[in-house]
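The chain contents come next:
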Amino acid sequence: MRATDTGLNGRVARLLTSEPTDDAGWPADLPAGTTEVVIVEDTPSPTATLKVQTSGNAAPKSVRVRFDQLAVRDAFVEG
């Protein structure tokens, strides 16, 4: 993912680290074992973070995570 990417709202992203942080290096405080999140902003902020929310069976929680600690899953394309 790049800092200039747009259209990210609602996309599923995989965490690239087991201890994601915000722009200041503080822990994102996601539930233990969280590996995927849903992005709830369209583009990274000026501080290089994205607001994300837990997905699946995890208790709903929104946090800010550095964009370079996320990998957006591409939709499956046939052909």
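First, a word on scope: everything that follows refers to the structure included in this document. (Residues numbered from 1 in each chain as written. Predicted model: local features only at pLDDT ≥ 70, side-chain atom pairs only at ≥ 80, totals over all residues. Heavy atoms only, no water.)

### Quick notes on the pairing of strand E2 (residues 36-39)
Our working rule: For every residue, the accessible area (1.4 Å probe, protein chains only) is compared with the maximum for its type, and the residue is labelled buried under 20%, exposed over 50%, or partly exposed between those bounds. Here a strand is any run of E in DSSP of at least two residues, a helix any run of H or I of at least four, and the numbering for each starts at the N terminus. Two strands qualify as a pair provided DSSP detects at least 2 bridges between them.
Residue alternation in E2 divides its side chains into a buried set, Val37 and Ile39, and an unburied set, Glu36 and Val38. Inspection of the sheet shows E2 paired to strand E3 (residues 49-54) by three bridges, in the antiparallel sense. Each bridged residue has a counterpart across the sheet, and for Val37 the counterpart in E3 is Thr54.

### Focus: the side chain of Thr54
If you trace the backbone, Thr54 turns up in strand E3. The buried category is assigned to Thr54, whose relative accessible area is 8%.

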